[in-house]
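This is what each chain is made of:
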Amino acid sequence: MKKKKLLLIGLLVLLFSTGCQKKEGIIRAEEWQDKYPEIYASYMRNEEMEETTFGGSVPIDYLEKYPDLKVFYDGYGFSKEYLRARGHSYALEDVMNTARPKAGASCLSCKTSDFIEVLERDGVEVNKLNFEEFVAENPQMSTISCYDCHKNEPGVVNLTRSHLTDALNHIDEEINSKTLACAQCHVEYYMDAETKKVILPWEKGTDTDSMLAYYEENNVTDWVHPTTGADLLKAQHPEFETFNGSIHYNMGLSCADCHMPEIEEKGDDLLRSHQWTSPLKSEKGLNKSCISCHGGTTDDLIAKVEDVQRGVYDKQEKVSAELLDFIERLTAAIEDGVLSEDDLTHLRDIHRRAQFKWDFVFVENGEGFHNSVRAHEDLDGARSLIQEGIKILEKYDR
């Protein structure tokens, strides 16, 4: 009888511990569908591809629309193919199919949590694995979804990217978790030349001058421009760094307040849309986000936003033309062999810094609205550098 009691107790303990054990691995988005149908339905709308006046998720060929890019990115992968992103639903598919070469498996860092799971299990060496081989060996991978921001705990923000948590050691202020969830991937980054580890260059600050100082101190270069010989940097998608310090940021708003508006109250729960897109594309979204604070009509609000974006876009186009002229003149001067060594070094540094500042605005997905003040400052900084370079080159025209 005693043995039977001990056996029964053992079975109960086993059943209890199994039932309470946290499920390991990634719970896929479709597995939450029945429990959170409204959230899942909004998440599935990320598959939509729609245009806005200055952005959107309809794929376009940037190299065709902006031919200057072929000169700016000459010698780098973005001169081979540069398509506008279709949105989160297609992140994994698009990185797998891009014609641009991949440095390593770490190119998957912000495209799928399946890579992060392997990275956490097997360590930093996973970053250096061959991209195509990693994809072939992990056919179960799925694109950005619930796990990326919540792990397996709906409603709780759980950061999954160590490149962000590492970088936050350099940030003194407390940042809203609903912004940090997006900052895991909507940031400027580079890959360590040896380890291929993803690193955010925030040690000195999150503005372009601080990043340039960090890159200089750490000898970071993405590629050497084939006609100017400048050591160049490719900006990525610095939405967080741009938003940081903006009027909305300083008022305590998060990314979710505009990009994930409320869709329903269910009991004590407030449900937010999980279609991560421009609020300008949805009248309901505008009413739940922007208009709730600003008032007015949706048409009036869209006009105001687009007016801000147009100012940045127009200046961006002008600085682009000036940067192209500078590169072409510098290239000609190098080919003619007329530049002094000191001037050549200085002009290459100008190319590096001016192009990074311009690129920082060009690639930022807010199309100037996240922080128009910072966008104009970066474009003005790029223009000032270009003008300095032109003056140096003009000495050799005489």
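This is a predicted model, so every value here is computed, not measured. Positions within a chain are numbered from 1, following the residues in the order the chain's sequence is written. Two thresholds apply to this predicted model, a pLDDT of at least 70 for residue-level local features and 80 or more for giving and counting side-chain atom pairs, whereas whole-chain, interface and lining totals are computed over all residues. Heavy atoms from the whole structure form the basis of all side-chain values; hydrogens and water molecules are not counted.

A.B. asks: When you look at the state of the cysteines in this model, what are you seeing that I'm missing?
C.D. replies: Disulfide: a covalent bond formed between the sulfur atoms of two cysteine residues. Disulfide assignment relies on a single distance test, namely cysteine sulfur atoms paired within 2.5 Å. Under the defined criterion, the tally for this structure stands at one disulfide. Across the disulfide, Cys110 is cross-linked to Cys185 (sulfur-sulfur distance 2.4 Å). Residues Cys110 and Cys185 share a disulfide whose torsion about the S-S bond is about -95 degrees; that sign makes it left-handed. Highlighted residues: Cys110 in the loop between α5 (91–97) and α6 (113–122) and Cys185 in the loop between α10 (177–183) and β1 (190–191), separated in sequence by 75 residues. By the burial criterion, Cys110 is buried, and Cys185 matches it. Here a helix means four or more residues in a row that DSSP labels H or I, a strand means two or more in a row labelled E, and each is numbered from the N terminus. Each residue's exposure class comes from its accessible area (1.4 Å probe, protein chains only) as a fraction of the maximum for that residue type: buried when under 20%, exposed when over 50%, partly exposed otherwise.

A.B. asks: Even after reading the chapter, I still don't get unusual backbone geometry, so can you show me in this structure?
C.D. replies: Trans peptide bonds make up the majority, and among non-glycine residues the majority have a negative phi. Positive phi, close to 55 degrees, is recorded for Asn219, a residue that is not glycine. Along the chain, Asn219 turns up in the loop between α11 (208–217) and β3 (223–224). Residue Asn219 is classed as exposed on the basis of its relative accessible area, which comes to 70%.

A.B. asks: What is the right way to read the side chain of Lys234 from this model?
C.D. replies: Along the chain, Lys234 turns up in the loop between β4 (231–232) and α12 (239–243). Any two residues whose heavy atoms approach within 4.5 Å at even a single point are treated as in contact. When sequence neighbours within four positions are dropped, the list of residues in contact with Lys234 reads Tyr73, Tyr76, Phe78, Tyr82, Glu188, Asp222, Trp223, Asp359 and Val363.

A.B. asks: Looking at this structure, I do not really get the pattern of salt bridges. What am I missing?
C.D. replies: Once the charged atoms of two side chains with opposite charge are near each other, the side chains can pair. Criterion for a salt bridge: a side-chain nitrogen of Lys or Arg within 4 Å of a carboxyl oxygen of Asp or Glu. Scanning the entire structure with this criterion turns up 20 salt bridges. For Glu51, the salt bridge identified is with Arg84, shortest N-O distance 2.5 Å. Of this pair, Glu51 sits in the loop between α2 (37–44) and α3 (62–65) while Arg84 is found in the loop between α4 (68–72) and α5, placing the two residues 33 residues apart along the sequence. Under the relative-accessibility criterion, Glu51 is labelled partly exposed at 45%. Between Asp257 and Arg272 there is a salt bridge whose closest N-O contact spans 3.6 Å. Of this pair, Asp257 sits in helix α14 (residues 255–259) while Arg272 sits in strand β6 (residues 269–272), and the two are 15 residues apart along the sequence. Its relative accessible area of 24% is what places Asp257 among the partly exposed residues. Among the charged side chains, a network of salt bridges with common partners joins Arg86, Glu93 and Asp94.

A.B. asks: Sorry, what's going on with the packing of helix α18 (residues 341–362) against helix α19 (residues 372–394) here?
C.D. replies: Any two packed helices are characterised by how steeply their axes cross, that is the angle between the axes, and by the distance between the axes. The interhelical angle for the contact between α18 and α19, taken along N-to-C directions, is 155 degrees, at an axis separation of 8 Å. In terms of orientation, α18 lies roughly antiparallel with respect to α19. Seen along the crossing, α18 lies across α19 with a hand that is left-handed. Here Asp343, His346, Leu347, Ile350, Arg353, Ala354, Lys357, Trp358, Phe360 and Val361 of α18 come into contact with α19, specifically with Ala375, Asp378, Leu379, Gly381, Ala382, Leu385, Ile386, Glu388, Gly389, Ile392 and Leu393. Angular values range over 0 to 180 degrees, each being the angle between N-to-C directions of two axes fitted as lines to C-alpha atoms, with helices fitted over their stretch in contact. Every angle not falling under 35 degrees, over 145, or within 65 to 115 is termed oblique; those three ranges are roughly parallel, roughly antiparallel and roughly perpendicular. What makes a crossing left-handed is the near helix being turned counterclockwise from the far one by less than a right angle; a clockwise turn instead makes it right-handed.

A.B. asks: What's the story with α11 in this structure? I'm lost.
C.D. replies: Residues spaced three or four apart along an α-helix point in a common direction, a consequence of the helix completing one turn every 3.6 residues. Thr208, Ser210, Met211, Leu212, Tyr214 and Tyr215 are the residues of α11 that are buried. Elements that come into contact with the buried residues of α11 comprise β1, β2 (198–199), α12, α18 and α19. Backbone geometry just downstream of α11 places Asn219 in the positive-phi region, at approximately 55 degrees.

A.B. asks: In this structure, what is going on with the packing of aromatic side chains? I would like to understand it.
C.D. replies: Each aromatic ring pair is summarised here by two numbers: the centre-to-centre distance and the angle between the ring planes. Note on aromatic contacts: the rings of Phe and Tyr and the six-membered ring of Trp form a pair at centre separations within 6.5 Å, being stacked when their planes are under 30 degrees apart, edge-to-face when over 60 apart, and tilted otherwise. Tallied over the full model, the rule gives 23 aromatic pairs. When the ring of Tyr190 is compared with that of Tyr214, the centres are 6.0 Å apart and the planes differ by 55 degrees; the resulting orientation is tilted. Taken as a pair, Tyr190 in strand β1 and Tyr214 in helix α11 lie far apart in primary sequence, 24 residues in all. Across the pair, exposure class does not vary: Tyr190 and Tyr214 are buried alike. Here the aromatic rings of Trp358 and Phe362 are separated by 4.9 Å at their centres, their planes lie at 15 degrees, and the arrangement is stacked. Of this pair, Trp358 and Phe362 both sit in helix α18, four residues apart, which is roughly one turn of that helix. With a relative accessible area of 2%, Trp358 lands in the buried category. A residue is classified by how much of its surface remains accessible, and Phe362, at 9% relative accessible area, is buried. Aromatic ring contacts, followed pair by pair, group Tyr62, Tyr66, Phe72, Tyr73, Tyr76, Phe78, Tyr82, Trp223, Trp358 and Phe362 into a single cluster. The rule for a charge over a ring is simple: NZ of Lys or CZ of Arg within 6 Å of the ring centre, and within 35 degrees of the ring normal. Here the guanidinium or amino end of Arg100 rests over the ring plane of Phe78, the centre of that ring lying 3.9 Å away. When the ring centre of Phe78 is taken as reference, the NZ or CZ atom of Lys234 above it lies at 4.8 Å.

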